[in-house]
Amino acid sequence: MKKIMTIVIIATVIAAGIIYYILDSQSYVAKVGGQRIRNHEYIFFLRTQKQVTESEAGVTSEQEIRELWETTVDGEDPVAIVMNQALENAKEFKVQLIMADQAKFKLTDSEKKEINQYLDNWLQNEENRNYVTNGIGLTISQFKDIMMKSQLISRFSYDFMQKNSNADEVYVSDEEAREYYDMNRQNMDDVTVRHILISVDKNMNSEQKAEKEKLADELLRRIEQGENMTELVGEYSEDPAAKENNGEYTFKYSESYAQEFKDWAFNAKVGDTGIVETQFGYHIMRLEHRTSFEDKKELARSELKASKLNEYYLNKVRQWLNDPDFNLVKNEKVLSKITRKTFGK
């Protein structure tokens, strides 16, 4: 009897082991560096890449989408192209997780709590939940797993860059800072203009508008002849803020001012005057100040260094991906099954 019971127990253990092996072997699409790219991770990147490709192709109807995936690209199956791209994205994702683990970099409990709280709030929106479960095809827990890992990668990359901020590759010389400033001056500079607004209503007739334009021309002439512009602002400007700021505004090109207003200011020289017409009316303008390289040197240096650090990290990722230890080993059957299902084949 004992012998029979022993045989039964052994058989049960073997059967359980076989079942576990079968289930486990179907839970991943590939291995990289000894780590598995789980099915839900691949599905996330595959569905995302599929959506990006369809959006870039401008297809929306079922027929257009079907034709897109049935039409070869330079002799290649478009589904295979997207599959390989998604797999490469998943590999990059996994390799960075491996490197973070090797560096013993982890999220703190408070960081995990903060991220979970953000995700819980985001997922309270029904449209967002539907996007996760129907658009991407993941469970909520699978989606949260990927988002948590993505945050780990993001913070690991930042930590990696900070620890390498003194590397020779990211040093920024004065000459480099100057070149960067010259190339990006429009986006970095602040300008200060003073203006007098002579407003024009869209319901005005041509004669009324002409009178407004005549007044603007006259004010510009008086300014050019040396009259005090600040006093003229107080007397004539119809800008509601004129009494508080004397018609003076300081701004960057990226700010939400009228396009004509910004274009004039960033193409003028200090002391230049002129009239600009916008939807609000006629602006009698004078450029009072524009920042220089000396004003923005440290900002230019900081922005360029941040760019170099980002490229430094990306180069490291490329090196990791090319390491033979991180060669991709596909689980072909599972990979093919998930891909075919995603594309309805």
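Here, every reference points to the structure presented above.
Owing to the predicted nature of the structure, the values given are computational and were not obtained by experimental measurement. (Residues numbered from 1 in each chain as written. Predicted model: local features only at pLDDT ≥ 70, side-chain atom pairs only at ≥ 80, totals over all residues. Heavy atoms only, no water.)

Brief notes about the environment of V233
Next, step 1: Secondary-structure assignment places V233 in helix 10 (residues 229-236).
Next, step 2: On the accessibility criterion, V233 (1% relative accessible area) is buried.
Next, step 3: It is 55 Å that separates the C-alpha atoms of V233 and N130, two residues lying 103 residues apart in sequence.
Next, step 4: Look past the residues within four positions of V233 in its chain and what remains in contact with it is R194, H195, I196, A242, N246 and G247. (Helix = DSSP H or I, 4+ residues; strand = E, 2+ residues; numbered from the N terminus. Buried < 20%, exposed > 50% of the residue type's maximum accessible area, 1.4 Å probe, protein only. Contact = heavy atoms within 4.5 Å.)

Notes on the packing of helix 7 (residues 140-163) against helix 13 (residues 293-322)
Next, step 1: Helix 13 packs onto helix 7 with a crossing angle of 110° between their chain directions and a minimal axis gap of 10 Å. Considered as vectors, helix 7 and helix 13 are oriented roughly perpendicular to each other. The interaxial crossing formed by helix 7 with helix 13 has right-handed handedness. Counted together, F156, S157, F160 and M161 of helix 7 and L309, N310, Y312, Y313, K316 and W320 of helix 13 form the full contact between these two elements.
Next, step 2: Looking at the contact of helix 7 with helix 13 residue by residue, the classes come out as seven nonpolar, two polar and one charged. (Axes fitted to C-alpha atoms, helices over the stretch in contact; angles between N-to-C directions. Parallel < 35°, antiparallel > 145°, perpendicular 65-115°, else oblique. Left-handed = near helix turned anticlockwise from the far one by under 90°. Nonpolar A, V, L, I, M, F, W, Y, C, P; charged D, E, K, R; others polar.)

Some remarks on the sheet that holds strand 4 (residues 248-251)
Paired through backbone hydrogen bonds, the strands of a sheet run either parallel or antiparallel to each other.
Next, step 1: Here we have four strands laid out as an open sheet, ordered 4-3-6-5, and antiparallel in their pairing. Here the strands that pair on one side only, and so sit at the sheet edges, are strand 4 and strand 5 (273-278). Strand-to-strand twist in this sheet, taken as the mean axis angle between neighbours without regard to direction, amounts to 35°.
Next, step 2: Judged from the six bridges that link them, strand 5 and strand 6 (residues 281-290) form a sheet pairing that is antiparallel. For T273, the partnering residue across the bridge sits in strand 6 and is R286.
Next, step 3: Running at roughly 35° to strand 3 (residues 191-199), helix 10 makes contact with strand 3 and strand 6 of the sheet. (Pairing = 2+ DSSP bridges.)

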